[in-house]
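Structure at a glance
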Amino acid sequence: MARKDSLESGTLTDAAFYILLSLQTEQHGYLIMQQVEDWTGGEMKIGPASLYTTLKKLTDAEVIETAGGSGKRKAYRITAKGQTMLEEEIERRRRMVQLAEDVLTKREERAE
Amino acid sequence: MKHKYVMNRGLAFSEEKDLRKLSDLAAAGWKFEGFAMFGFFYKLRQAEPEAVQYSIHHEQQPDSSYWSLFSESGWMHVVSTGDMHVFEAAPEAVPMYTDVSTIHENYLSLQKQFGRWSLWTLLPLILLLVLTNMTHPVWLTPILTVLLIMSVTAFVFSFMPFLAYLRKTKKLNREL
C-alpha cells in the first residue's frame, strides 16, 4: 500500500512530482500534460485519467488549489504547503541520487 | 443505418477483453455507439473501418473542464451510463491511465460501490427468505417467489462484480 498513502506520508509519486513542478506557474490540465512530456522528452507521459485523479487528490490534500481559469478549462496553482512538500521531495531525491553516486564511485575505485 | 449487437460479458469481469474486441470491431467497420438492452449488449453502427482504442473512466460529477481535459488529450467521449464514461482515441494517443495507483483507485471505488450494493440487496433477500419459510397464506407464495427471484438476481449482479473488483484491487495491491 506504499503508494496510495504516499501523500499523507509526505512523499510524492513521479506523476505528482512533475505536476507540482509544472505548477510553479498557474496552469490548466492539458498544459500540465504537455509540459511534462516536453520536459522529459516523452519519457514521462501522464494520461488524462491519471492526471485527473492526481489533481483531485492533490487538491483534496491542499497541496494545490484551483485558480479560476477561463470557461471550460480549470487552472491550478501550487499552495504554500505544496511548495514545501515539493522542496522536501527534491531534497529527498537529491539524497537518493547522491547516495547512489557515492556507492557506485566507491565500487569503481575498488575495481581500479 | 445498419446496426448490430454484441454481448457485453460484464465489464467487471472482462473489461480489457471487451474493449479490445470493440477496437477490433471498429477496425472491421462496426463502431461502438452505446449500450442496449439494460447494458447486456453493445450497440454497434456500420461505419468506415477505423483504428481506435477504447477506455473507461468513472466520475460522479463530471464538469466541463473534465470533458475538455479528456478531449484535449485526444480522448473523445462516446457514451456515458451512470457515472461510467466511455472514451475513444487514436491508437497513438497517450493511454488514459499511466500509473498503477490511478487504476487501483478506480477499481477500489468500484469495489466499494458494488460492496455497498451487495449489502443493500442482501437485506431484502434475507427478509424474503425468512418470510418464505414462515407460515403464510397460499396466495402469497407466487408473489414471494417472484420477489425472491428478483432479489437473488439483484444480489448476484452486485456481489459477482464486487468479487471481481476485489480480486483486481488485491492483485494491483501487490504491484503498488
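Quick caveat, the model's predicted, so the values are computed rather than measured.

1. Observations concerning the overall build of chain B
- Counting its secondary structure elements, chain B contains four helices and six strands.
- When the helices and strands of chain B are read in sequence order from the N terminus, they spell out β-α-β-β-β-α-β-β-α-α.
- Here the C-alpha radius of gyration of chain B, 20 Å, is well above what a compact globule of 176 residues would show, namely 16 Å.
- By the burial criterion, 43% of the 176 residues in chain B qualify as buried.
- Relative to all contacts within chain B whose residues are 6 or more apart in sequence, the contacts with residues 24 or more apart total 61%.
- When the accessible area of chain B is evaluated, it comes to approximately 10100 Å², of which 66% is carbon and sulfur surface.
- One way to put it: in chain B the 16 positive side-chain charges average out to a point 11 Å from where the 16 negative ones average out.

2. Quick notes on the UniProt feature "transmembrane region" (unreviewed entry) in chain B
Residues and elements named next belong to chain B.
- The feature "transmembrane region" (unreviewed entry), as given by UniProt, occupies residues 117-136 and 142-166 in the numbering adopted here.
- The annotated region residues 117-136 carries 85% helix and 0% strand content, and the separation between its end C-alpha atoms amounts to 29 Å.
- The straight-line gap between the two end C-alpha atoms of residues 142-166 is 36 Å; of that span, 100% is helix and 0% is strand.

3. Examining the sheet that holds strand β3 (residues 75-78) of chain A
- Pairing is antiparallel in the open sheet, where three strands are placed in the order β1-β3-β2 (chain A). Strands with a single pairing partner mark the edges of an open sheet, and in this sheet they are β1 (27-28) and β2 (64-66) of chain A.

4. Thoughts on the environment of L58(A)
All names here are of chain A.
- Note that L58 resides in helix α4 (residues 48-60).
- With relative accessibility at 1%, the residue L58 sits in the buried group.
- Here the alpha-carbon distance between L58 and I32, two residues 26 residues apart in the chain, equals 14 Å.
- For L58, the contacting residues outside a window of four places in its chain are L7, A16, I19, L20, V63 and I64.

5. Observations concerning the packing of aromatic side chains
- Here the structure, examined in full by the defined rule, presents 17 aromatic pairs over all chains.
- Relative to W67(B), the ring of Y66(B) lies with its centre 5.0 Å away and its plane at 80 degrees, an arrangement referred to as edge-to-face.
- Take Y66(B): its relative accessible area is 0%, and that puts it in the buried class.
- Judged by centre distance (6.0 Å) and plane angle (40 degrees), the ring pair of W67(B) and F87(B) falls under tilted. With a gap of 20 residues between them, W67(B) in helix α2 (residues 64-72) and F87(B) in strand β6 (residues 84-89) connect regions that are remote in the sequence.
- Of the residues examined, W67(B) reaches a relative accessible area of 26% and is grouped as partly exposed.
- Among the aromatic side chains, those forming a connected cluster through ring pairs are Y52(A), Y66(B), W67(B), F70(B) and F87(B).
- Directly above the aromatic system of F17(A) lies the positively charged group of R93(A), at a separation of 4.5 Å from the ring centroid.

Reading the values: the criteria
- Residues numbered from 1 in each chain as written.
- Chains lettered and ligands numbered in written order.
- Predicted model: local features only at pLDDT ≥ 70, side-chain atom pairs only at ≥ 80, totals over all residues.
- Heavy atoms only, no water.
- Helix = DSSP H or I, 4+ residues; strand = E, 2+ residues; numbered from the N terminus.
- Rg over C-alpha atoms; globule rule 2.2 N^0.38 Å.
- Buried < 20%, exposed > 50% of the residue type's maximum accessible area, 1.4 Å probe, protein only.
- Contact = heavy atoms within 4.5 Å.
- Areas by Shrake-Rupley, 256 points an atom, 1.4 Å probe, with all protein chains shown as cover.
- Lys, Arg positive; Asp, Glu negative; His and termini not counted.
- Charge placed at Lys NZ, Arg CZ, Asp CG, Glu CD.
- UniProt positions renumbered as here; feature names shortened; annotations may be inferred.
- Pairing = 2+ DSSP bridges.
- Phe/Tyr/Trp six-rings, centres within 6.5 Å; stacked < 30°, edge-to-face > 60°.
- Lys NZ or Arg CZ within 6 Å of the ring centre and 35° of its normal.

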